[in-house]
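# Structural features, examined
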Amino acid sequence: MLQKPTISLVLALIGVNLLYSTVSICSKLASQCELMSIKYLMCIAGSVAILGVYAILWQQILKRTTLSFAYMFKGTSLIFVLILASLIFGEQITLSNIIGAAFIITGITLYSKS
């Protein structure tokens, strides 16, 4: 049964996309390891496990809301990757990154208000 978007549903969507963004971090960690080393295999296994959990959670969210509402939150994963890459790998956040993130947040806000 589809439910009207609630704050708990929005938080679930943000949380599931935060989880999804960690796959990019695991992939980057794997790329820094020697091919087929234990650390490399652990990073790949972690990515697969995270994707499995994400798929189950995503399906549960889709049972409760429309695809168009749920999918607009996919952009938040890009923001999470940007933040996590900066925290974990020391990557720079540029003005272009900030402007892009502002567009994503503005789009989500405008769509959810309508």
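In this structure, Met-36 is a non-glycine residue whose phi angle is positive, near 65°. With respect to the secondary-structure elements, Met-36 resides in the loop between α1 (7-31) and α2 (38-62). In this structure Met-36 comes out as exposed when scored by relative accessible area, which is 55%.

Below, the discussion takes up the pattern of salt bridges. Under the definition given, this model contains one salt bridge. In this structure, Glu-91 engages Lys-28 in a salt bridge whose closest nitrogen and oxygen atoms are separated by 2.4 Å. A residue pair is termed long-range when its members are at least 10 positions apart, and Glu-91 in the loop between α4 (75-89) and α5 (95-113) and Lys-28 in helix α1 qualify at 63 residues. The class of Glu-91 is partly exposed, set by a relative accessible area of 32%. With a relative accessible area of 31%, Lys-28 lands in the partly exposed category.

This brings us to the packing of α1 against α2. For the pair α1 and α2, interaxial distance at closest approach is 9 Å and the crossing angle is 160°. Between α1 and α2, the angle is such that the two are roughly antiparallel. As α1 runs across α2, the sense of the crossing is left-handed. Looking at side-chain class alone, the contact of α1 with α2 contains 20 nonpolar, four polar and no charged residues.

Conventions and cut-offs
- Residues numbered from 1 in each chain as written.
- Predicted model: local features only at pLDDT ≥ 70, side-chain atom pairs only at ≥ 80, totals over all residues.
- Heavy atoms only, no water.
- Helix = DSSP H or I, 4+ residues; strand = E, 2+ residues; numbered from the N terminus.
- Buried < 20%, exposed > 50% of the residue type's maximum accessible area, 1.4 Å probe, protein only.
- Salt bridge = Lys/Arg side-chain N within 4 Å of Asp/Glu carboxyl O.
- Axes fitted to C-alpha atoms, helices over the stretch in contact; angles between N-to-C directions.
- Parallel < 35°, antiparallel > 145°, perpendicular 65-115°, else oblique.
- Left-handed = near helix turned anticlockwise from the far one by under 90°.
- Nonpolar A, V, L, I, M, F, W, Y, C, P; charged D, E, K, R; others polar.

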